[in-house]
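Single-letter residue listing:
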Amino acid sequence: MIATEFPLWATLPASLLLVIGGLLTVIGSLGLLRLPTFFARMHGPSMGNTLGTGCVLIASMILSSALLHRPVAHEFIITVFIVIVSPVTAMLVMRAARYRTRVKEERRQQGLQREQE
Amino acid sequence: MSLVLIVLLPFLGSLVAAFLPSNARNAEAWLAGIVAVTCTGLVLNLYPEVTSGEVVRHVIPWLPQFGLNFHLRMDGYAWLFALLVSFMGALVVLYARYYMSAADPVPRFFSFLLAFMGAMVGMVLSGNLIQLVVFWELTSLTSFMLIAYWYHLSEARHGARTALTVTAMGGLCLLGGVLMLGEVAGGYELDRVLAAGDQIRAHPWYPAILILVLLGALTKSAQFPFHFWLPHAMAAPTPVSAYLHSATMVKAGVFLLARLWPVLSGTDLWFWILCLAGLSSLLLGGFAAIFQRDMKGVLAYSTISHLGLITLLLGMNTRLALVAAVFHMMNHATFKASLFMAAGIVDHGTGTRDLQRLSGLSRAMPITATLALVAAAAMAGVPLLNGFLSKEMFFAETMFAGEGPAIRIGLPAMATIAGMFSVAYSLRLIHQVFFGPLAEDLPRVPHEPTRGMLLPSALLVLACLLVGIFPGYTVGPFLRTATQAILGEQTPTYSLAVWHGLTLPLVMSFVALLGGFIIYLLLYLHRRRSHGHAPLLNRFDGGRTFDVVIIRLIRAAGLARRTIASRRLQSQLLMIVGIAFVAAALVAWSGDVHWGAAQLSPVDPIFALLWVVGGACAIGAAVQAKYHRLAALIMVGGTGLITCLTFAWFSAPDLALTQITVEVVTVVLILLGLRWLPRRIEMNDARRQTLRAKARRVRDGIIAVAVGGGMATLVFAVLSRPRMVDLSRFFVEHSLPQAGGGNVVNVILVDFRAFDTFGEITVVGIVALTVYALLRRFRPAIESVGLPRAQREDGARGTQYVPDPTELLPQGYMMVPAVLVRMLLPMAGLISVFFLLRGHNLPGGGFIGGLVLATAVIVQYMVGGAIWVEARTRIQPLYWIASGLLAAGTAGTIAWFAGRTFLTSLTLDLDLPLIGAIHLSSTLWFDIGVYMLVVGATVLMLVALAHQSLRSYRRPGAVAQSTDIRMDSRVASETQEAH
Amino acid sequence: MMPLLDGAIWFAQFCFALATAFAAIRLIRGPGAQDRVLAFDTMYINGMLSLLMLGMRSSSTAYFDMALLIALFGFVGTIALAKFLLRGEVIEP
Amino acid sequence: MEIIFALAIGVLSGSGVWLLLRPRTFQVIMGLSLLAYAINLFIFAMGRLAIDRAPILDPGDVPDPTLYADPVPQALVLTAIVISFATTALLLVVILASRGLTGTDHVDGREGEA
Amino acid sequence: MRRVPPIFALVMLAMWLLLNSSISLAHIILGAVISSLLLLAAYPLRPLQPRMRRGPVLLRLAFKVLIDVIRSNIGVARVILGLTERGKIHSGFMQIPLDLRDPHGLSVLAMIITCTPGTVWVELSPDRSMLTIHVLDLVDESEWIERIKNRYERALIEVFQ
Amino acid sequence: MNPLLMHLPVMPVAIPLFAGAIMLFVQDSRRTRAFIAVGAVLAQLLVGALLLYMTTDAVLDIWPKGIGVYSIGKWPAPFGIVLVVDRLAALMLVLTATVASAALLYSLARWDRVGVHYHPLFQLLLMGLNGAFLTGDLFNLFVFVEVLLAASYGLLLHGSGAPRVKAGLHYIVVNLVASLLFLIGVAIIYGVAGTLNMADLAPRAAQLAVSDRGLFDVGATILGIAFLVKAAVWPLNFWLPMTYSAAGAPVAAIFSLLTKVGVYAIIRVGSLLNESGVHGPFGSDWLFYGGIATIAFGIIGMLAAHHLPRVVAYSVIVSSGTLLAAAGLDLNALGAAALFYLCVSVLASGAFFMLTGMTERARTHFADSADTAPLPAETYGAFGSGDSDDPMDTEDEVGIAIPAAMAFLGLAFVCCALLVAGLPPLSGFVSKFALLSAAVGVAPTAQSAVHSWVFVVAMLGTGLAAIISLTRMGMRLFWSVMGRTTPRLRVIEAAPVAFLILGCVIMTVVAEPIMGFMVAAAEGLSAPQTYIDAVLSADTNAALAAEAAR
Ligand code: NA
Ligand code: NA
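What counts and how
Residues numbered from 1 in each chain as written. Chains lettered and ligands numbered in written order. Predicted model: local features only at pLDDT ≥ 70, side-chain atom pairs only at ≥ 80, totals over all residues. Heavy atoms only, no water. Helix = DSSP H or I, 4+ residues; strand = E, 2+ residues; numbered from the N terminus. Rg over C-alpha atoms; globule rule 2.2 N^0.38 Å. Buried < 20%, exposed > 50% of the residue type's maximum accessible area, 1.4 Å probe, protein only. Contact = heavy atoms within 4.5 Å. Lys, Arg positive; Asp, Glu negative; His and termini not counted. Charge placed at Lys NZ, Arg CZ, Asp CG, Glu CD. Areas by Shrake-Rupley, 256 points an atom, 1.4 Å probe, with all protein chains shown as cover. Expected span 1.5 Å × (residues − 1). Phe/Tyr/Trp six-rings, centres within 6.5 Å; stacked < 30°, edge-to-face > 60°. Donors = N, O, S within 2.8 Å, 3.2 Å for Na, K, Ca; no water. Polar contact = N/O pair within 3.5 Å; in protein donor to acceptor, adjacent residues only side chain to side chain. Patch = residues over 30% accessible without salt bridge, like charges linked within 9 Å, V, L, I, M, F, W, Y side chains within 5 Å. Salt bridge = Lys/Arg side-chain N within 4 Å of Asp/Glu carboxyl O. pLDDT = per-residue confidence, 0-100. Pairing = 2+ DSSP bridges. Axes fitted to C-alpha atoms, helices over the stretch in contact; angles between N-to-C directions. Buried area = accessible area lost by both parts, 1.4 Å probe. Core = buried A, V, L, I, M, F, W, Y, C linked by side-chain atoms within 4.5 Å. Domains from an automatic or database assignment.

## Considering the overall build of chain A
In terms of helices and strands, chain A carries four helices and zero strands. For 117 residues, the compact-globule estimate of 2.2 N^0.38 gives 13 Å, and the C-alpha radius of gyration of chain A, at 22 Å, exceeds that figure by more than 25%. With the C-alpha coordinates of chain A rotated into their principal frame, the extents come out at 75 × 25 × 20 Å. Relative to its 117 residues, chain A shows a buried fraction of 61%. A sequence separation of at least 24 residues applies to 63% of the contacts in chain A between residues at least 6 apart. Distance from the positive charge centre (11 side chains) to the negative charge centre (6 side chains) of chain A: 3 Å.

This is the structure we're talking about:
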């Protein structure tokens, strides 16, 4: 599969990080399915966002550096972007969800009132 | 040369006439008269040549590739007709000068009259059958205009239309026939065709040729069953009727039949068709003429009858009959034109042409009465007038027309009966108009017309008399020249004498005279008050049938249009998809498409899993798109992501990059649009439950599955075949050394096939301009004009929220996102420049870079709001687009200055101190053009959509009042000032 | 030692594909629009990780750019969707 | 892999065609989007499938075309993606205009049968 | 006069060099030119510039956050996989009073909270004094308040205010 | 070669591009925009004429075989994109520029002001058209077709309003689907034959393995269907009448060229594929059947239509059908006539659409006479209602003097009607005659003599239908009882119509050299080896070798 030979110092930590990253991410996404409410589900994917991605990026840095025989760190930019960007998404999605559940609840209660009258 | 003049002069005259002032009655008449007289003179001048048997010609090459030359050819027969047309034209012009009212806009009249004359002469002189058809159709067109001269009258319009439709249809048939004739004869030249008679008659196409040519001739000559247009054409001004509908145009059909007589005649088919058509016209026309109320109606039906007589003669397949036919053509022209003129004089003098109202006019207008009497007598076939002579010949010919008792006895009998009709209607015409007590209640007081109006009629009557009394001296030589031109050596001997002894034809003539008198007497006694319709025939009104046919045709066409075409988009798409599928399937099936033999790669379960996701998203989108648009959009986005991964998987990084950026922008774009598509409420729609709706869904489902299967099959068929490497070999080999780029895909885009990219960015630019233009006139759906429900319900930024361009950060929940997203802007800019600059060697390029920058700008709009952003910066997307196009264009043209072709890449290697070697290429300039255009176009489209919200902001609560928005930041600055 | 790295890469990639599938299930099932938006965002992140894995598999740095773009712009779609849910329009006046 | 690729295109085009034949404008635009994916993958497939062979050359590489994925279909797909992006944008705006002017989101501008 | 914090320009330049994986002079010059042009062009849309002091504090904070992220990842994984002792989790909203007012500081706090699985930033009151967060495994509110105020907010106030 | 002459083939693309781009910078000055637009169009006309001249035998020293090949970039033919100027392409360029200059001038009267960006879109449409006619590459053809379609969307929607938007929606969706088919076809052809160059396609298709033939044919078929949608063949043309009648008059006029792009592509690709023995849908019986069905549909539509723009739109369908049927019958024999017909029909429908713009205004001027007239002419007599027993009605037998404006409109209408119906004396008849003559000529030799006769009957039928329909329309427009106010006729609107009609007149008068050119162009189509050789052996190969040597 991989044409290039990597030195051991790169292979071992990279493999470990990849396995951890993969597991964290898949567990996080599993949370999307398993957790009961939307607000609880919000927490699942952030596992993949943070540590999962971090592991993979570090693994990538190690492997690229080994490949090119010099330190490669451009994966760091991805980390920066993810860190900057994820609060924006989280805040807006959260707020939208709050608004929608509130409205839904209000409607439900209006409906109940109307039924009572 | 004079031949050309004869044809050309009338057309020139027509052109001049059209530009004369509308009240220049005299100038017009002088012009037309001079033209007609000159033509007559020119024709007469050619008599010596023609009578010696010579054929005068003039050939101008025109379309030799198709054997088509402008060929004027005058032999004796053509000469006779040319004379008829031009001389009669001169008389009619004189007559018309006095007939047309001073208030009539005569330029149009004389212009078309002259054009008609030219067309008629051209037709007669055509030495080429196609050219003949051209002039033939021209006579139809000019006669259409002349009939409709008084187009404010509904009969005029209707009559003109009927005439045109029938005769033009005949003309088309004639064209078809002539084309076949030319094919068989090996050319369209009349001489060639005339020489190929035997060949043509023996050819298997002969019946078709004959029928087509006869359709042309019979419609033009108003023969049964196409006769009906002629009476309707009487709505034309009387000079027109006299000229076209008696003397010239209706003769075109029989003229042609005689012209082609040596080629087409002599067969049974010819005999039967022409005899039946001619006889029917002869009898029916005569019969119907008896009962008309309108003077011109009588004359029109009489014309049908007389033309029937000529047709019948032509159909008899004997040479003497042909001579008689040609003779009667001349005679009929003289007396009928004269009668029309008389009818016009009566109409003019009294204000009516109604036979029942008119009476005793011989007291008021004796000269007219005399002239009409003589002409009518000629029409009735009274001895010592020209009509008598040709009718005598006709009677004689009927007896030898064919074998068998039915024909031998029947035909003469019929001819005699027709003669009776002729006598009867002539008698009626004269008696009811000119005899009896003078009518009192006429619209005008009857009076004799001016001499100018009488003169033409008088000349014609004189001709009737002269020919009738001295046929051998007057018409004899001309007739001989004419018939010799047709029959050549085989011209029969005949004698033109008033007295041939007491022959059977003479007896028939007298029987006809007597019988006609009796018929009129009976009619006069019993049916004084005619309704203008002939008994028995009333139900078979050709004109009405024609109208019904036309209307039925139009209705049927409407019905057919609705049946075979749909204006529904779904049907159209179904057609396209279905036909493409069926056609491809048929070809595949007949071409035996099967899998190739290339080795397949092993399945990777991860990839399979990804496409389970992608497929599920696609199907989910298909299911949800009607009521849950947002869900469908998200699912389509999911499919797009998987597509992007697939590109990346199979070694297409540029594609993956482009796909993902386009994907994001598309989602934003459609979301911007969803704001203006009001929600669809899912309800238990009864219409969805009907059997038809269900059937349709099943059908569409089957089609969808079939198309999907077909596409999969095609893809697999290709994938299982070995790859074609020729093109990629060239690109891979030349990419680095000669184009200077390592990323072959990008090199293809900006160098090898830069022209594609050139077009592609133009498309993007065009679309942006269109979107912008369309949104300027955007009228949103009423339900969506107000603030979105979410904003009304969510108190955080209430309905009265006013964006403040001076505030540094948005208040409330948007504050933190604004801080972060604004921080991202320069970084995104950096990334976009990065992609732009490195595209040539690694994935990237102007398009991706441009989309990155555009997206970064759009996100600023999302967090800051349109007004805030535009108050702080002026983005001029249009200029970006224009600059992008110009940059790409100049990158192309710059090569010209190096003597290279468009879009050839030029490179410049600089070695700068400190920095080192710098490699500049015109492809980078090109890519910068792409970049700028994409930035401009994307921003323009998205922002133009976003700007639609300004209307609800500017008029909170207002409904559908705003009509226009302005694009640039002027809006923002205005609102800024307003606060 | 190569099989180890190969296996790790394959495993991680499989995990990301599976995670994508989980997200897709949530995307299709809903029930709320917010669930779909969240799932969409998750799919993008997982997609980015998959791309990085492809890059590692082929020892190519070309895939890094795609991951970069998703990191930078994957969120744009999400916040547009969220804003649409929240405000009824993506770009307000 | 080929069979999965083919099936993927089949599913995309099937869903796209189904949506294309629906009466609502939004369904049509979604259908066209799906079809565009399908067609892009289709064109791409004409260069056959190649893993780890991105057509990106380094100066030292042997320019052997069989070592690289076919770049031609990739370039064609790029053009096609861009064009379909542009036309989707235009269609969207026309759909909005049509909804506003006709009062319905039916593709024919008037409510037909379901 | 427009003033862009030099630190931001340096970040941009670093990013450019990272992207191009090169520290050649040509790239430094090019990167500097492009970065400054972009920063100038983007300035109108970024009217509020951060004021930062005491960079090292930020580094220490980053290290602390990294530890917290790893810990909470494990915690959330256990919750998802159903490995918690209680079996049923109890998640909910809670409010934290804040002293931090600077938008950039608040942004960094938002990043931290978002990046830590188990907590989500929900809402900041309009006067920026009260933060609502959602916690997946909400056992003891005061513990969370303590953690955010002491571990994160204090350092952020030091840097940004 | 003279450098100006050398770059001439790319000018028809470059000029409108630059004109369009520059116009975007001068948004405020309508005058400047108009000036640039007119200049650009005239320049294109000039360039087109020069190119046409260069393809003729008159100047053998420039392009030896009358085929100019211009490579874009320095890449030789099967690899790079080349522009090929043969007689057919040059003819289409001149035709485009002619109609465009008329339409542009016409639109300056008022039509360009009902929306924004008319002129840039117009120029870019021309760029698309010219590029489509010039390119020698299948995918590049797709791109330029997209350019012209995109611009046509913009121009169709120019001015907005419900009818245009409704029609535009259908038009866009249909064309998007057709474009997808186009892409599928091109892709399969590339996947199987490995080339995109049209000239290169012919030899490659001929050399295909038998097992690949079927798949190639599928690709060619799908491509052909895409072309047929653009060429508006029945039943893929339901969008056309609505679209063309909804567009503004000058836009519709220029649209009359668009269907011809589809026809052009079919003829071009068909000619090359025929050489290889692979037909697909090109040059086959199915093309003929489609053409005949299209003619029939056009006839029905013309008869059924109640508005003049629709009638003209259906006449465009008829002309498309005629061309396809002619191509399907026997392109070698009918080619010259078909090309002549193509030119005439484009000029005629262009003039007619523009005329429609003026008469529609006249109609409103005359208080909607046609609609409020008590009885349409065609009902006269049929149901006894309009038929008067008394022929001596005291209606005024004094004619109506026609104002000059109406006279012009009427005359122009008659000319257009004659052209469309193929009646003498204008070139409509010449083209129809040439087609019929050729069709009759092949009847005895072709194995499908029936086809010839069907074609002849269809052609004659179109003439009849046009007469019936257009007299109805003309009488409604010009002869209804109407007020005596005269519509204001603007020279800038009248002149273009007259210009196009004059073009048709010229084609009648000097038919010989024009037909000679058509014959040569058709010969080029029936013997495409010259084209193939010219493209594949263009001296760009030498240029590349020189480049490599440096
Ligand atoms: Na968190
Ligand atoms: Na978190």
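Once you've had a look at it, read on.
## A closer look at the overall build of chain B
A tally of regular secondary structure across chain B gives 43 helices and four strands. The C-alpha atoms of chain B give a radius of gyration of 43 Å, which is well past the 30 Å a tight globule of 979 residues would have. Counting only C-alpha atoms, chain B reaches 125 × 65 × 65 Å along its principal axes. Of all 979 residues assigned to chain B, the portion counted as buried reaches 66%. Partitioning the contacts of chain B with sequence separation of at least 6, the portion at a separation of at least 24 is 78%. Counting every atom, chain B has about 32,500 Å² of accessible surface; 66% of that belongs to carbon and sulfur.

## Points about helix α26 (residues 542-564) of chain B
Between the first and last C-alpha of α26 of chain B there are 31 Å, a value that for 23 residues agrees with the 33 Å anticipated at 1.5 Å per step. The complete set of buried residues in α26 of chain B reads Gly 542, Gly 543, Phe 546, Asp 547, Ile 550, Ile 551, Ile 554, Ala 557, Gly 558 and Arg 561 of chain B.

## As for the packing of aromatic side chains
Applying the stated rule across the entire model yields 66 aromatic pairs over all chains. A ring pair is formed by Phe 142 of chain F and Phe 182 of chain F, whose centres lie 5.4 Å apart and whose planes are at 75°; its orientation type is edge-to-face. One end of the pair, Phe 142 of chain F, is in helix α6 (residues 138-157); the other, Phe 182 of chain F, is in helix α7 (residues 162-193), with 40 residues separating them in the sequence. We note that Phe 142 of chain F, like Phe 182 of chain F, is buried. Consider the rings of Tyr 153 of chain F and Tyr 171 of chain F, whose centres lie 5.6 Å apart with planes at 80°: the pair is edge-to-face. Here the residue Tyr 153 of chain F occupies a position in helix α6, and Tyr 171 of chain F occupies one in helix α7, the gap between them amounting to 18 residues. One aromatic cluster is present, built from ring pairs that chain together Phe 607, Phe 647, Trp 649 and Phe 650 of chain B together with Phe 5 and Phe 44 of chain D.

## Considerations on the coordination of the sodium ion (ligand 1)
Surrounding the sodium ion (ligand 1) are the protein donor atoms Ile 113 of chain E (O), Thr 114 of chain E (O), Thr 116 of chain E (O) and Thr 119 of chain E (O), which sit 2.0 to 2.8 Å from the metal. The sequence pattern describing where the donors of the sodium ion (ligand 1) fall on their chain is I-T-x1-T-x2-T.

## A look at the coordination of the sodium ion (ligand 2)
All names here are of chain E. The protein atoms that coordinate the sodium ion (ligand 2) are Ile 113 (O), Thr 114 (O), Thr 116 (O) and Thr 119 (O), at distances of 2.3 to 3.0 Å. Each donor residue of the sodium ion (ligand 2) belongs to the same chain, with the gaps between them written as I-T-x1-T-x2-T. The distance between the sodium ion (ligand 2) and the sodium ion (ligand 1) is 0.6 Å, with Ile 113 acting as a donor to both metals. For the residue pair Thr 114 and Thr 116, the accessibility class agrees, reading buried in each case.

## As for the environment of Phe 6 of chain A
All names here are of chain A. Secondary-structure assignment places Phe 6 in the segment before α1 (8-34). Among the residues examined, Phe 6 registers a relative accessible area of 8% and is labelled buried. Taking the C-alpha atoms as reference, Phe 6 lies 24 Å from Ile 78; in sequence the two are 72 residues apart.

## A closer look at the side chain of Thr 139 of chain B
Residues and elements named next belong to chain B. By the secondary structure assignment, Thr 139 is in helix α6 (residues 129-147). Classification of Thr 139 as buried rests on a relative accessible area of 1%. In terms of polar contacts, Thr 139 uses its side chain to reach the backbone carbonyl oxygen of Trp 136, at 2.4 Å.

## Focus on a nonpolar patch on the surface
Residues and elements named next belong to chain B. On the surface, Phe 87, Leu 384, Leu 455, Leu 459, Leu 462, Leu 465, Leu 466, Ile 469, Phe 470 and Tyr 473 cluster together into a nonpolar patch covering about 920 Å² of accessible area. Element by element, the count of residues in the nonpolar patch is highest for helix α22 (residues 451-469), at six residues. Here Leu 459 lies in helix α22.

## Concerning α22 of chain B
The end-to-end C-alpha distance of α22 of chain B, which contains 19 residues, comes to 26 Å, matching closely the 27 Å that a straight helix rising 1.5 Å per residue would cover. Among the residues making up α22 of chain B, those that are buried are Gly 452, Met 453, Leu 454, Pro 456, Ser 457, Leu 460, Val 461, Cys 464, Val 467 and Gly 468 of chain B.

## Regarding the confidence of the model for chain A
Confidence in the prediction of chain A, expressed as mean pLDDT, is 86, and 96% of residues score 70 or more. At the low end of the mean pLDDT range in chain A sits helix α3 (residues 43-68) of chain A, at 86; at the high end sits α1 of chain A, at 90.

## Thoughts on the sheet that holds strand β1 (residues 92-97) of chain E
Residues and elements named next belong to chain E. Spatially, the three strands line up as an open sheet ordered β1-β3-β2, and their pairing is antiparallel. Both edges of this open sheet fall to β1 and β2 (119-124), since each of them pairs with a single strand only. Mean inter-strand twist for the sheet, computed between neighbouring axes without regard to direction, equals 30°. As defined by bridge partners, β2 adjoins strand β3 (residues 130-135) across five bridges and the pair is classed as antiparallel. Bridging from a neighbouring strand, Trp 121 pairs with Ile 133 of β3.

## Observations concerning the confidence of the model for chain B
Residue and element names in this part refer to chain B. Residues of chain B with pLDDT of at least 70 account for 94%, and the chain-wide mean is 86. This model gives residues 955-979 a pLDDT under 50, and the stretch forms 45 contacts once residues within four places in sequence are excluded. Our summary of model confidence lists the complex with pTM equal to 0.91 and ipTM equal to 0.92.

## Describing the interface of chain B and chain F
Between chain B and chain F, the contact holds 131 residues from the first and 145 residues from the second. Between chain B and chain F, roughly 12,600 Å² of surface is buried when both sides are summed, and carbon and sulfur atoms account for 74% of that area. At the surface where chain B touches chain F, the tally comes to three salt bridges. In this structure, the salt-bridge partner of Arg 721 of chain B is Asp 212 of chain F, at a minimum N-O distance of 2.6 Å.

## Here's the deal with unusual backbone geometry
Along the chain, Phe 224 of chain B connects to Pro 225 of chain B via a cis peptide bond; the corresponding omega equals 5°. Among the secondary structure elements, Pro 225 of chain B is positioned in the loop between α10 (206-220) and α11 (229-232). The linkage connecting Trp 234 of chain F with the following residue, Pro 235 of chain F, adopts the cis geometry, with an omega of 0°. A positive phi angle, close to 65°, is found at Leu 903 of chain B, a residue other than glycine. Relative to the assigned elements, Leu 903 of chain B resides in the loop between α40 (877-897) and β3 (907-912). Phi is positive for Asp 52 of chain D, close to 60°, though the residue is something other than glycine. Mapped onto the secondary structure, Asp 52 of chain D falls in the loop between α2 (25-45) and α3 (71-102).

## Looking at the arrangement of the chains
Contacts are most numerous between chains B and F, considering all 11 pairs of chains that are in contact. At no point do chain D and chain E touch; the closest pair of C-alpha atoms across them sits 16 Å apart. Left apart from each other, chain E and chain F have a closest C-alpha approach of 22 Å.

## Describing the environment of Met 94 of chain E
Residue and element names in this part refer to chain E. For Met 94, the location among the structural elements is in strand β1. A relative accessible area of 2% places Met 94 in the buried class. Along the backbone, Met 94 and Val 135 are 41 residues apart, and their C-alpha atoms lie at a distance of 7.5 Å. Beyond its immediate sequence surroundings of up to four residues, Met 94 is in contact with Leu 131, Thr 132, Ile 133, Val 135, Leu 138, Glu 141, Trp 144 and Ile 145.

## Notes on the nonpolar core
Side chains of a nonpolar character, in soluble globular proteins, are inclined to be buried together. By size, the foremost hydrophobic cluster in this structure holds 810 residues, and its most contacted members are Met 74, Leu 125, Leu 264 and Leu 314 of chain B, Phe 5 of chain D together with Phe 455 of chain F. Residue contributions to this core peak at 34 residues, all from helix α14 (residues 308-365) of chain F. For this core, the two domains that each supply at least three residues are domain 1 (6-45) and domain 2 (55-160) of chain E. When sequence neighbours within four positions are dropped, the list of residues in contact with Phe 5 of chain D reads Phe 607, Thr 646, Phe 650, Val 715 and Leu 719 of chain B together with Leu 41, Phe 44, Ala 45 and Leu 49 of chain D.

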